[in-house]
Amino acid sequence: AVERAVDAVLGMLPLIWRAAYGDGLYVDDAELVCKDIDVTSIDEMSDSEVYDYLDEFDLVKMLKNIDGTYLDLNEDMLFIYGTVDGEEYWRFKGADDKEDAALKRFLLKIGCTAGALSAWTSPEASPADPLFLPAHSNHHRHWARIQLTTEDLDLSWPTGDVGGCWGHGEFDALPFTEAGLFGEGSAERLTNRRLLEAFDPRRVSLPYIHDSLEFKSCIEN
């Protein structure tokens, strides 16, 4: 539940920032932090203060519109709703009280301190970058060539600690499914290992094939 919520927040982050910017939540274009809050004090706030700020800033509104994104998540998977003293109350689904409080604090902190995005780096804008398709397709073509031409290619994964960063481990679940990527197959979320196997160039069910694995513009030793 916690990993699913973090997936949603990070996956929707540029949209959360854009909505907050459009609502005039930030100080100005040069200082993209919430203007009605001391962001350095979020860790010291009470859980109720964090909830009130999230409610006031409406930072969850983009997460409620997560249906139809590439994350294979929807609102019902993220939130549960109830009523406290006659007012609607929301929390992260499947999280215990401690996890729910930590996730809300995480959302407030990351939503109120927008990162600097260059012109092409948001998920919506990056495909419009003229270099996007050549760079990605050639990287993938090069990786396919390495797999097909390298003898005894070591595809083992680092074991143990991977820097304490969830998402880097061999069996960490990613926000993609085989069915979502290829239109068929399992609806379970792919791990890093399964994603690597899914794009193996020897896999006959891949919906594409490279016309060539030659790189004529490169000077080979």
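Being a predicted model, the structure only gives us computed values, none of them experimental.

Cut-off values and rules
- Residues numbered from 1 in each chain as written.
- Predicted model: local features only at pLDDT ≥ 70, side-chain atom pairs only at ≥ 80, totals over all residues.
- Heavy atoms only, no water.
- Helix = DSSP H or I, 4+ residues; strand = E, 2+ residues; numbered from the N terminus.
- Contact = heavy atoms within 4.5 Å.
- Areas by Shrake-Rupley, 256 points an atom, 1.4 Å probe, with all protein chains shown as cover.
- Core = buried A, V, L, I, M, F, W, Y, C linked by side-chain atoms within 4.5 Å.
- Buried < 20%, exposed > 50% of the residue type's maximum accessible area, 1.4 Å probe, protein only.
- Pairing = 2+ DSSP bridges.
- Phe/Tyr/Trp six-rings, centres within 6.5 Å; stacked < 30°, edge-to-face > 60°.
- Salt bridge = Lys/Arg side-chain N within 4 Å of Asp/Glu carboxyl O.
- Polar contact = N/O pair within 3.5 Å; in protein donor to acceptor, adjacent residues only side chain to side chain.
- Axes fitted to C-alpha atoms, helices over the stretch in contact; angles between N-to-C directions.
- Parallel < 35°, antiparallel > 145°, perpendicular 65-115°, else oblique.
- Left-handed = near helix turned anticlockwise from the far one by under 90°.
- Nonpolar A, V, L, I, M, F, W, Y, C, P; charged D, E, K, R; others polar.

Colleague: How should the overall build of the protein chain be read in this particular structure?
Modeller: For the protein chain, the count of helices and strands is 8 helices and 4 strands. Each helix and strand of the protein chain, placed in order from N terminus to C terminus, yields the pattern α-α-α-α-β-β-α-α-β-α-β-α. The contacts of the protein chain with a sequence gap of at least 6 include a subset with a gap of at least 24, amounting to 53%. Total accessible area on the protein chain stands at roughly 13,900 Å², and carbon and sulfur atoms take up 53% of it.

Colleague: Help me understand the nonpolar core, please; the structure alone is not making it clear to me.
Modeller: Generally speaking, a soluble globular protein has its nonpolar side chains buried in company with each other. In terms of nonpolar packing, the biggest core is built from 36 residues, with I37, F57, L59, L63 and L108 touching the most fellow members. The greatest single-element share of this core, amounting to 6 residues, is contributed by helix α2 (residues 13–22). Beyond its immediate chain neighbours, meaning those up to four positions away, F57 contacts L25, C34, D36, I37, L108 and C112.

Colleague: Is there a simple way to explain α2 in this structure?
Modeller: Along an α-helix, residues three or four apart share an orientation, since each turn contains 3.6 residues. Burial of α2 is extensive: 7 of the 10 residues sit out of reach of the surface. Listed as buried for α2 are L13, P14, L15, I16, W17, A19 and A20. Structurally, α2 contributes buried residues whose contacts are with α1 (2–11) and α5 (97–111). With its phi angle positive at about 70°, G24 sits one or two positions after the end of α2.

Colleague: Explain the pairing of strand β2 (residues 87–92) here, please?
Modeller: Strand residues, when the strand is regular, have side chains that alternate between the two faces of the sheet. Sheet analysis places strand β1 (residues 79–84) next to β2, joined by 6 bridges and oriented antiparallel. Paired with I80 across the bridge in β2 is R91. Between β1 and β2, which follow one another and run antiparallel, lie 2 residues, and D85 among them has a positive phi close to 55°.

Colleague: Help me understand the packing of aromatic side chains, please; the structure alone is not making it clear to me.
Modeller: Both the distance between ring centres and the angle between the ring planes are used here to describe each pair of aromatic rings. Inspection of every chain in the model, using the stated rule, returns 7 aromatic pairs. Taken together, a centroid distance of 5.5 Å and an interplanar angle of 35° make the contact between Y53 and F57 tilted. Linking Y53 with F57, this pair stays in helix α3 (residues 47–57), spanning 4 residues, or about one helical turn. The interplanar angle of 85° and the centroid separation of 5.4 Å between the aromatic rings of F79 and W90 together place this pair among those described as edge-to-face. You can see F79 sitting in strand β1 and its partner W90 sitting in strand β2, a full 11 residues away along the chain. Relative accessible area serves as the criterion here: at 4%, F79 is assigned to the buried category. Classification of W90 by relative accessible area gives buried; the value is 5%.

Colleague: Looking at this structure, I do not really get the pattern of salt bridges. What am I missing?
Modeller: Two side chains with opposite charge may pair up if their charged atoms get near one another. With the rule as written, the count across this model stands at 7 salt bridges. Among the salt bridges present, the one from D47 reaches R105, with a minimum N-O distance of 2.7 Å. Here the residue D47 occupies a position in helix α3, and R105 occupies one in helix α5, the gap between them amounting to 58 residues. Its relative accessible area of 48% is what places D47 among the partly exposed residues. According to the relative accessible area criterion, R105 is buried, its value standing at 15%. A salt bridge links R202 to D200; the shortest N-O distance between them is 3.3 Å. Residue R202 is classed as partly exposed on the basis of its relative accessible area of 48%.

Colleague: Help me out: how do you make sense of the side chain of R193 in this one?
Modeller: In this structure, R193 sits in helix α8 (residues 192–198). Of the polar contacts made by the side chain of R193, one reaches the backbone oxygen of L155; its length is 2.7 Å. Not counting residues within four places of it along the chain, the set of residues in contact with R193 comprises L155, S156, W157, E170 and F171.

Colleague: Teacher, can you tell me more about the packing of α3 against α5 here?
Modeller: At a minimum axis separation of 10 Å, α3 and α5 run at an interaxial angle of 45°. With respect to their mutual orientation, α3 and α5 come out oblique. In the packing of α3 onto α5, the handedness of the crossing is left-handed. Where α3 approaches α5, its residues D47, V50, Y51, Y53, L54 and F57 are matched on the opposing element by A101, K104, R105, L107 and L108. A per-class count over the contact of α3 with α5 returns 8 nonpolar, no polar and 3 charged.

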